[in-house]
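The residues making up each chain are set out below.
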Amino acid sequence: MLTLGGCKPKSLYLHIPFCTTRCSYCSFYSEPETNWKGFREAYVSRLEQEIAVVVQETGGFETIFIGGGNPGSLTCEQLSRLLLAARSTQCREVTIEMNPDTFSEAFFPLFEQKLVTRLSMGIQSMDEEVLRQLGRNATLEDNLQAIALAKKAREQYGIDLSFDVMAALPGQTMQMALQDIETVVSLSEAGHISLYCLTVEEGTELARNVSKREVQVWDDDGQRELLQSLWARLGQLGYEHYEVSNFAREGNVCNHNLVYWDLNTYLGLGSSAASFLHSGNESWHYSQNQDLKDFAEGALFTGYDKEILSSEQLMEEYLMMALRTNRGIEKKHFSDRFLLDFDSLFSNTIAHLDPLWYNNTSHLFVLTEVGWMVLDEIVLRLCLQIPQPLDRH
Amino acid sequence: MPADSTLTRNFCIIAHIDHGKSTLADRFIEKAKLYVSRGPAQDQILDTMDIERERGITIKSQAVTIPYTAKDGKTYELNLVDTPGHVDFSYEVSRAISSCEGALLVIDASQGVEAQTLANLYMAMEHNLTIIPVINKIDLPSADIDACLHQIDHDLGLEPEETVLVSAKTGAGVDELFEAIVKQINPPEGKDSLPLQALIFDSHYDAYRGVIVHCRVFNGILEVGSEVRFMHTDTPYKVEEVGFFQLGLVKTDALHAGDVGYVITGVKTISDVRVGDTITTVKNAAKNPLPGFKDVKPVVFSSIYPVDTNDYEELVSAIERLKLNDASLIYEKDSSAALGFGFRCGFLGMLHLEVVQERIEREFGLSIVFTSPSVKYIVHMKNGDVINIDNPLEYPDPMRVEYAEEPFIQANIITPSQFVGSLITLCMEKRGVQVGMNYLDEKRVELLYEMPLSEVLFEFYDRMKSVSRGYASFDYQLIGYKRTDLVRMDILVNGEPVDALSQLVFRGSSQLRGKQVCERLKGEIPRQQYKIAIQAAIGGTIVSRETINAFRKDVTAKCYGGDISRKRKLLEKQKEGKKRMKMVGNVEIPQSAFLAVLKSDDSSK
């Protein structure tokens, strides 16, 4: 049972696990259309009621993000109800994800009524064959139309645009990947681009195909070279590389996502959504464990599993998230938060890292792009230095 | 317990691994109502160690006394002595066998007779035991009882009519087997009036009661309060307690001639008890000890180090505690430039080594690495000195060495005839020399080979199983030392020799061995911050080289609110993995790399 326990998170995530079909690489919770017909309205209705309660309790959210799945599987009217329930005077950024194949002018009222300020669309690739390989519903034609439509929405209602592009895809060459970026940027002039290196997640169709050797993926060396080129190109195109996979032109960073990377509190509602809350001396996660049918039929706030974090776990999560951005770790902020001195904990480990991987000043520890390439290893090494159990006294 | 030794039967069970020895033993105990309902988690009652249950083998001998009321109306005392089931422990088997008058030869109805079975059968015959052939698993659809009976008659020269058919799983035939034991196996001979001679066939350590010695009294009486002497170790003790084995220990006043039971004296450590030793009384002592005593010596040597050097103290206590229950484990302190402080240990074989490794890891929760195992070589120096070497690091400057000798074994392999060709190829590859080949029947062949022990220890068994699709079986005995051409191969990681990976190898195989080791290390050592060179060197010559490139990319692409918890759990796992890495210079070598070097090569897969 989810309760805020005195925490007033400023960010809200809503998960819409409905998809027309599942893409081969996707490990997020979603269900294909045949499984959710008939539950959609009940799902939205419970979500709407939960939102109403938490808005009351928190006094409203500054950032809201509707993700999926595909929020475009809901009607404009259903989305409006959710957003109306969530709306408050504090609200400054509302992002909605949309798949290109289901995006249409039917959703424009959301922009018109200022219920949504930011549109994030998964373009993934501009190559017909690659799209098919990935199991995307959208064709190249769908992508082109969706980009045009998004631009129209920006022109008419002043919303911000972000596009997801994937790289290191099976069958893709370096040239094709660079061309995808060129095309998406020149067609859309988007303020924000997310560039994801394809990850083969366990349990996905892609993972099965790779293990059967039916699909060949890029090796580490190839991925690194590719990323280097794409990152450099996005820089030339005027985007700031502000997080491992995220790029923004001036004033276009995603504030909602920065909340995650700063490990600030947020509330996630809906099937499989996650929350991070903090109150007094306690920090905890909720993760929603119901599938969409159980969620649709379940009582309000049921199915949220609580996991209380130890100080060590909290610090691990902080390192894991904070080093992803080009803000890095502010040492003063670290010692305020954990009551431990960053340098005395980590300077020895840092001394053994390749100096090209980081900038380390008296008040800041931040990774370079070269360091981001091996971020997981760096985080792992730092985490090994966290005293267990961490003594806060 | 009957004072009348005509009501006693001492027997053991001889069987190949997996032929159902432990299940049959359980069934006896169950039938005898010593144990009522079988616990779900613990199938085999006598195999008390986890490893024994998992691998289906018995490592420690166990004994149990089963009361049985036979059809003649008399109640007999059936002493079952359970024997270890692996070639590493054949001396223990021989002592257990010599404590008995009879043996059940258990043959899997679908597998037939195998080498291990034969070796132990011959041992039992040497000790004049009455053999009762038992065909087990008759409930299996693949059971071929006629073929087994034919083998019993032809290959073993036993009476097929005396064979008992059982299914240890269903319990069928077990009553008939009890009757056969009573009727066919002789009661023990020996007289209470003669001077005491009790054979020690095993011992174990009990945290509360100290060392418990398992023995068989051949003559005389072993009484509480009497002064006794262990004849080979020549140490006197006072008998504090004697008794019989049930599912626990059951005290009694005295063990009489013919009895199998336990004795507790003031023995402090298990190393003070030698399996095969004879207990006699101080007064009216036996003139001679019972025959067959051997001082068992380890044949494989390797050093154990904690992965985390801070765990050394815990390793010390783990080894000391293991030693309490494992007299055959010998150890001394050792240190390595790469690995810090550890222990040089001697083992009875590779299985024994693996058992020790698993017990340290499981029972004591320590991560450890083993150095490349070695046999004991005899090195003849130019100046006439002769030295024994079991640690590659102690191998002297080759310029000063006249020649070296290595231990050889005679291998006895029994295989279906269609695998003879590939087995001969394997034996030749392992420097084997054929000394015999006998057709046991139209389908089965016995191969006799002389081979260096070092070749047999490391990968022979797995390869043999692989080329014979599991059908060949194997047994060996040491036959002495032979001249060999030995070199020391060092492994260098980024130019630094890793002493723990040094090994002594036959010159003719050194090139291949060096290549295998480098390839295996490349497969096990993950990419790191810097490029890593792995080289195998003999003297100053590099014989093989592999390169591990620096890691290039290791970053989670997507990490948002919903991913944090999952990613942290992944991180926890990775942290555990990192802790199992051993820093050698500035290279992290996972524990698995040390183990991979010991394992059989990939060509066997």
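I will try to describe carefully the structure that is included in this document. Note that the structure is predicted; figures quoted are calculated from it, not measured. (Residues numbered from 1 in each chain as written. Chains lettered and ligands numbered in written order. Predicted model: local features only at pLDDT ≥ 70, side-chain atom pairs only at ≥ 80, totals over all residues. Heavy atoms only, no water.)

Digging into the sheet that holds strand E9 (residues 267–269) of chain A
All names here are of chain A. Basically, it comes down to this: Should DSSP find at least two bridges between two strands, the strands are regarded as paired. Only runs of H or I of at least four residues qualify as helices and only runs of E of at least two qualify as strands under DSSP, and these elements are numbered from the N terminus. Orientation is described by lines fitted to C-alpha atoms, with helices fitted over the stretch in contact, and by angles between N-to-C directions that extend from 0 to 180 degrees. Any two residues whose heavy atoms approach within 4.5 Å are treated as being in contact.
Taking strand neighbours across the sheet as the criterion, the 9 strands line up as E7-E8-E6-E5-E4-E3-E2-E1-E9 in an open arrangement whose pairing is mixed. What marks the edges here is a single partner per strand, and that holds for strand E7 (240–243) and E9. With strand direction ignored, the average angle separating the axes of adjacent strands in the sheet is 20°. One ladder, built from 6 bridges, connects strand E1 (residues 11–16) with strand E2 (residues 63–68); its direction is parallel. Across the sheet, residue tyrosine 13 finds its bridge partner in E2, namely phenylalanine 65. Contacts between helix H3 (residues 76–86) and the sheet are confined to E1, E2 and strand E3 (93–98), with E2 contributing the most and set at about 150° to the helix.

A word on the packing of helix H7 (residues 174–188) of chain A against helix H9 (residues 220–236) of chain A
All names here are of chain A. As a reminder of what qualifies: For this classification, under 35 degrees means roughly parallel, over 145 means roughly antiparallel, 65 to 115 means roughly perpendicular, and everything else is oblique. Should the near helix be turned anticlockwise from the far one by less than a right angle, the crossing is termed left-handed; should it be turned clockwise, right-handed. Side-chain classes follow a simple rule in which Ala, Val, Leu, Ile, Met, Phe, Trp, Tyr, Cys and Pro form the nonpolar group, Asp, Glu, Lys and Arg form the charged group, and the remainder, Gly included, forms the polar group.
In the contact formed by H7 and H9, the axes pass within 10 Å of each other and the chain directions differ by 25°. The orientation of H7 with respect to H9, classified from their angle, is roughly parallel. Handedness of the crossing formed by H7 with H9: right-handed. In this structure, H7 uses Met174, Ala177, Leu178, Ile181, Glu182 and Val185 to contact H9, whose residues at the interface are Glu225, Leu226, Ser229, Leu230, Arg233 and Leu234. The class makeup of the residues in the contact of H7 with H9 is 8 nonpolar, 1 polar and 3 charged.

Quick notes on the pairing of strand E16 (residues 278–281) of chain B
Residue and element names in this part refer to chain B. Operational definition: Exposure categories follow from relative accessible area, calculated using a 1.4 Å probe and restricted to protein chains: below 20% of the type maximum is buried, above 50% is exposed, and the middle band is partly exposed.
Burial along E16 is two-sided: Thr278 and Thr280 facing one way and Ile279 and Thr281 facing the other are all buried. Of the strand pairs in this sheet, strand E7 (residues 197–206) and E16 are connected by 2 bridges, and their pairing is antiparallel. Bridging from a neighbouring strand, alanine 198 pairs with isoleucine 279 of E16. As defined by bridge partners, strand E10 (residues 227–230) adjoins E16 across 3 bridges and the pair is classed as antiparallel. Opposite arginine 229, over in E16, you have threonine 280 as the bridge partner.

Honestly, that's just the spatial picture; any functional story needs more than this.
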